[in-house]
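# Descriptive analysis of the structure
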Amino acid sequence: MNSSSLLARLRLSGSGGAALRVRFIGVLAFQLLLVIVFTALAPRFLSWDNAQSILFTAAILAMAAAGQTLVVLTGNLDLSVGSIMGLVAYVVFDVSSQAHWLMAFTVPVAIGLGAVLGLINGVLVAYLKIPSMVATLGTLSVYRGLVSFYANAMEVTSGELPQWMRDLATARWLGVSSYVWIALAVVIVVGLALSQLPWGRKLYALGSNPRAAYYYGLNENGILVGAYVGAGAIAGFVGLLLGAQVGNINSLLAFGIEMQVLAAVVIGGVSIWGGSGSVYGAALGAIVLATINNGLVLVGVQEFYRLLFQGLAIVAAVAVDALVQKRVLTATHRRVILEVAA
Amino acid sequence: MTRALRSYSAELLLVVLIVLAAIWSSQLSPYFLDTNNLMNSAAFFVVFGLMAFGLFPIVVQGEIDISLASTLAVASVLFAKLSVAGVPVLVALPVVLATTAALGAINGLLVAYAGLPSLAVTLGTLGAYRGVAYLLAGDAGVTGLTKDYTFLGMSWIGVVPSTVVLFLIAALVIGVVMETTKFGRYSYAIGANPDASRSASVPVRQLRVGAYAIAGAMAGLAGFVWVNQYQSARGDNADGAILFVLTAVVLGGVSIKGGSGRALGVLLSTLLLATIQTGMKLANVPGTSQTLVIGLLLIASIGGPQLVSLIRTSVLRLRRSAQVGGEAGA
Amino acid sequence: MSSSTRSIRIIGAAVAATLVATSLAACTTTPPGTSAAPASSGASAAATKVFMSPKFTGLAYFEVARKGGEQAAADLGLDFKYIGSDKAEATEQIATLTNAVAQKPNALVVSAIDGDAVAPALRTARAAGIKVVTYDADAAADARDLFVNQLSYELAATTMLDAALLNSPDGGLVAFISASPTAPNHTAHVKFMKQAIDTNPKYSKFKYVDTVQFAADDAQKSQDIALNLMQAHPDLKVIISSSAVSAPAAEQAIINAGKGGKVFATGVALPSSVKDFIKSGNSKAFMMWDPAELGYVATVAAAQLAQGKITAAKGTKIDCGKAGTYEVGDNGEVLYNKPLMFTADNIDKYNF
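Residues numbered from 1 in each chain as written. Chains lettered and ligands numbered in written order. Predicted model: local features only at pLDDT ≥ 70, side-chain atom pairs only at ≥ 80, totals over all residues. Heavy atoms only, no water.

## Examining the interface of chain C and chain A
- Counting from both sides, the interface comprises 33 residues of chain C and, opposite them, 38 residues of chain A.
- Buried area between chain C and chain A, summed over both chains or domains, comes out near 3,100 Å², and the portion from carbon and sulfur atoms is 49%.
- Our count for the contact surface shared by chain C and chain A stands at one salt bridge.
- Across the pair Arg166(A) and Asp276(C) runs a salt bridge whose closest N-O atoms are separated by 2.8 Å.
- Here chain C and chain A share 11 residue pairs in polar contact (both at pLDDT 80 or more) between them. (Contact = heavy atoms within 4.5 Å. Buried area = accessible area lost by both parts, 1.4 Å probe. Salt bridge = Lys/Arg side-chain N within 4 Å of Asp/Glu carboxyl O. Polar contact = N/O pair within 3.5 Å; in protein donor to acceptor, adjacent residues only side chain to side chain.)

Below, the structure is given as structure tokens:
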């Protein structure tokens, strides 16, 4: 049998799909638990207005987490996501504030610039074989250094941003913030790309079993670079949106966000070893983090506890995820052996 | 002889880079080649060096720990609070070091016994331990430490600050342990091939917990050095330092996948980073350039050798296909 | 065990023992080779060397103060350098200061990111004859000669409350966002604001939320907190922040949520950051001071100290030319005390 049919057999139909669904349920259960606890402590938590607020604060993180998922699925990391977001946002908005004709094209330019920065990451990891943690740790510094250098400690003030983007940040469509809709769209598009496109399935295959993928003749380097380019493009886009949301932009925009993004991905059930998890889970992980932040402010808890609870939440989510994975893995193992033998 | 040279290639490269960096730094600033300045700068890096040596065995085993800076903060705040409460330093030391070793062991248990991915676990404890540090410190910070807690930070052995000597001793201990003890050798084995090690009845899980506990203790020691040098403690001490520590370990030739790397390499990379940073700061190089240089150094030092071998293999391939083409055409 | 293992262990033990032995024997507390005091501590032939070290170099606010410092250098003929890291980390500023001391300047002008952690480095500087003047954020009092405080904590508090009153003349519920629990000026501001609301009849129309939120000078975090605060307290009227990053970011968040003009954010902000809010009418007032003049005064004070023209004794007058004359108060604190209130009437006057 040829590689693609074997791949098709091994992919997420029946057995693997069940695994995904169960992991997603784990995160969902965790989120429900949070909702119950917070509602009990602060009844105002359970309102449409508050839910909207949570979704809005989660939107940026959810999109960034979706981009990061592409890379994590291959078994790698992108620690430079914050620096890409900051660099793209600052440069694009600064240039467009001087070259006004550019204001209509900020989105494609941002996506392009982010893709280029992601391409560099991809080349370093795929072709120069630098371990992704090391490579993106390096580009984290380099990209942040670049924006710091470019900015020269000056701000791009809110009045200099394209008016349509500022309006976008405040816009509401069907009563829900535009950013939430955009985040939903991005997450669904990435999710569909992963599940429907051959490239997406190859991504999962590469992550779950790199050696087998090699023998099946998958173009490992191409897939890897593609994942980083995708992550970079999304990061560029998200950085732009974050900039418009924040208003006054300095060279420290999105500094340190990579830890939050990784936390969202991990809580969302995406395996850090690669090969399993979904963007929907990662997006839900972002919502979990936003819920914790919101709930703690509503309950009136001190800031220090937020760090503590967030940290514990991450450990708990990972533990639950590992438990679920073990159960399902033993179950699917038996089924796959039967399938292949058949 | 050549084989020995080749096995130490990473360390030799670092030595060359250190010499180059020293020359460059002395050109950048006339203040560089001053014993006093060098010693003061060296003292500054002790905290990071201790954490790097704590991280080293963990990375050799093929895992990671990004929570060490938060553990340092717990230690520094504990030391400061105990000092203000009048507890003698010789009592506080074992208590706090045991506490931080326990914090490390928690990481180790979650990774080794619960089988959780170390990056995710330590991402969680990074936040959790930092929160604990803030809770312990309360508003503002802790100051007014007693002399016995800050003595080490204000004493010299000859021209060398005591904290630097402490670091060298600790580095030596870790280095000898990793080279000569069963713990060290098994750690390399675990990193290189965890499954084979398990089958060979190596106590993988206990060793993992041990490595994490050691890392916790080293972070605790770093916290002790912190209060010695800065005579104060706050919840946000060393926030973000883990990136530098990770850079030092990786730059030292320790493979992030595990199974290889030497303590000597970590020592040399710490020295290299210290030389470059000191040189740049003495020359008042703008902060942004400093960030750029460190990032590029990391990429170049790991990617450089790979790039060279990549070029070599492609040149070889071109030559070989030319040969084959020539023969076929003849 | 193999012979190489044994030999390594023996060598290692020997080295460690030697190190420990020499340490115990040779331990001293006198710093080796104390460097001579810098050249000009009186009348100077060479130009007075002054280094300015902000918390970190990435913030626009510090750049404006830098311009003031550079202007002072031009006016007084100083050798002026602006130093620092672009990372907001205490260890980075400590490294900067340690290496600054090594270059033997005559004076340091410092805004401390962690006033206690940088204190040892500053004490070393003073011991070497370098004059230390802090501005914007103080260090431990015994680690510096003078502290040029932009506004006394009480004045800062009342000015911010005045800004709040301009935004919401009918008073209402107030919430506070600070940078971090370890920022002494922010903590003091909040304390005095709460006190003023409790005791001063002018602010009697305000009530406040007791728990203070912290945003670490991060714009996105400030926004999330502002949104969550509005959810937690539906009758919230004003969010006040001492952080020049958080105050404008919170206002933008309020506008994003569609509550511009109903809920207000105010506090410390650069006029350029809030010009848009004031012009659009979403906000009525923000406050600050002139960072350039602050930097100017701090630099002049440092230079005069280094040149022996003034001392740090209480009551000393510092003549800063067109920037005014200031007096040293208790604990070496020099109060600049020139708050600025930015409203629709005057926002166009300012270009920083």
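## Here's the deal with the pairing of strand S2 (residues 49–53) of chain C
All names here are of chain C.
- Among the five residues in S2, five count as buried, and that is most of the element.
- Of the two faces of S2, the one carrying Lys49, Phe51 and Ser53 and the one carrying Val50 and Met52 are both buried.
- In the sheet, S2 pairs with strand S3 (residues 79–82) via four bridges, with the strands oriented parallel. Bridge pairing in S3 links Val50 to Phe80.
- Between S2 and its parallel partner S3, the chain crosses via helix H2 (residues 60–76), and the hand of that crossover is right-handed. (Buried < 20%, exposed > 50% of the residue type's maximum accessible area, 1.4 Å probe, protein only. Helix = DSSP H or I, 4+ residues; strand = E, 2+ residues; numbered from the N terminus. Pairing = 2+ DSSP bridges. Right-handed = clockwise from strand over helix to strand, strands pointing away.)

## Details of the packing of helix H8 (residues 178–196) of chain A against helix H11 (residues 220–246) of chain A
Residues and elements named next belong to chain A.
- Closest axis-to-axis distance for the H8/H11 pair is 12 Å, and the angle between their directions is 175 degrees. With respect to H11, the axis of H8 lies roughly antiparallel. For the pair formed by H8 and H11, the contact residues are Tyr179, Ile182, Val186 and Val190 on the first element and Ile234, Phe237, Leu241, Ala244 and Gln245 on the second.
- The class makeup of the residues in the contact of H8 with H11 is eight nonpolar, one polar and no charged. (Axes fitted to C-alpha atoms, helices over the stretch in contact; angles between N-to-C directions. Parallel < 35°, antiparallel > 145°, perpendicular 65-115°, else oblique. Nonpolar A, V, L, I, M, F, W, Y, C, P; charged D, E, K, R; others polar.)

## A look at the interface of chain B and chain C
- Each side of the interface is counted separately: chain B has 45 residues, and chain C has 46 residues.
- Both sides together, the interface formed by chain B and chain C hides about 3,800 Å², and carbon and sulfur atoms give 60% of it.
- By the criterion of area lost to chain C, the three top residues of chain B are Trp156(B), Arg234(B) and Lys281(B), representing 16% of everything that side buries.
- Between the two partners, chain B and chain C, sit two salt bridges.
- One salt bridge in this structure joins Glu92(C) and Lys281(B), with 3.2 Å as the shortest N-O distance.
- At the junction of chain B with chain C, the criterion picks out 12 residue pairs in polar contact (both at pLDDT 80 or more).

## A short note on the sheet that holds strand S1 (residues 156–157) of chain B
- The three strands are arranged S2(B)-S1(B)-S1(C) in an open sheet whose pairing can be described as antiparallel. The sheet is open, and its two edges are formed by strand S2 (160–161) of chain B together with strand S1 (27–28) of chain C, each paired on a single side.
- Alignment of S1(B) against S2(B), held across two bridges, turns out to be antiparallel. Bridge pairing links Trp156(B) to Pro161(B) in S2(B).

## Topic: the sheet that holds S2(C)
Residue and element names in this part refer to chain C.
- Strand order in the open sheet formed by six strands is S3-S2-S4-S5-S6-S15, with parallel pairing between adjacent strands. Both edges of this open sheet fall to S3 and strand S15 (333–335), since each of them pairs with a single strand only. Adjacent strand axes in the sheet meet at a mean angle of 20 degrees when their direction is disregarded.
- Relative to S15, strand S6 (residues 146–149) is paired through three bridges, and the arrangement is parallel. Within the sheet, the bridge partner assigned to Val148 lies in S15 and is Val334.
- Set on the sheet, helix H3 (residues 90–102) makes contact with S2 and strand S4 (107–110); between it and S4 the angle comes to about 165 degrees.

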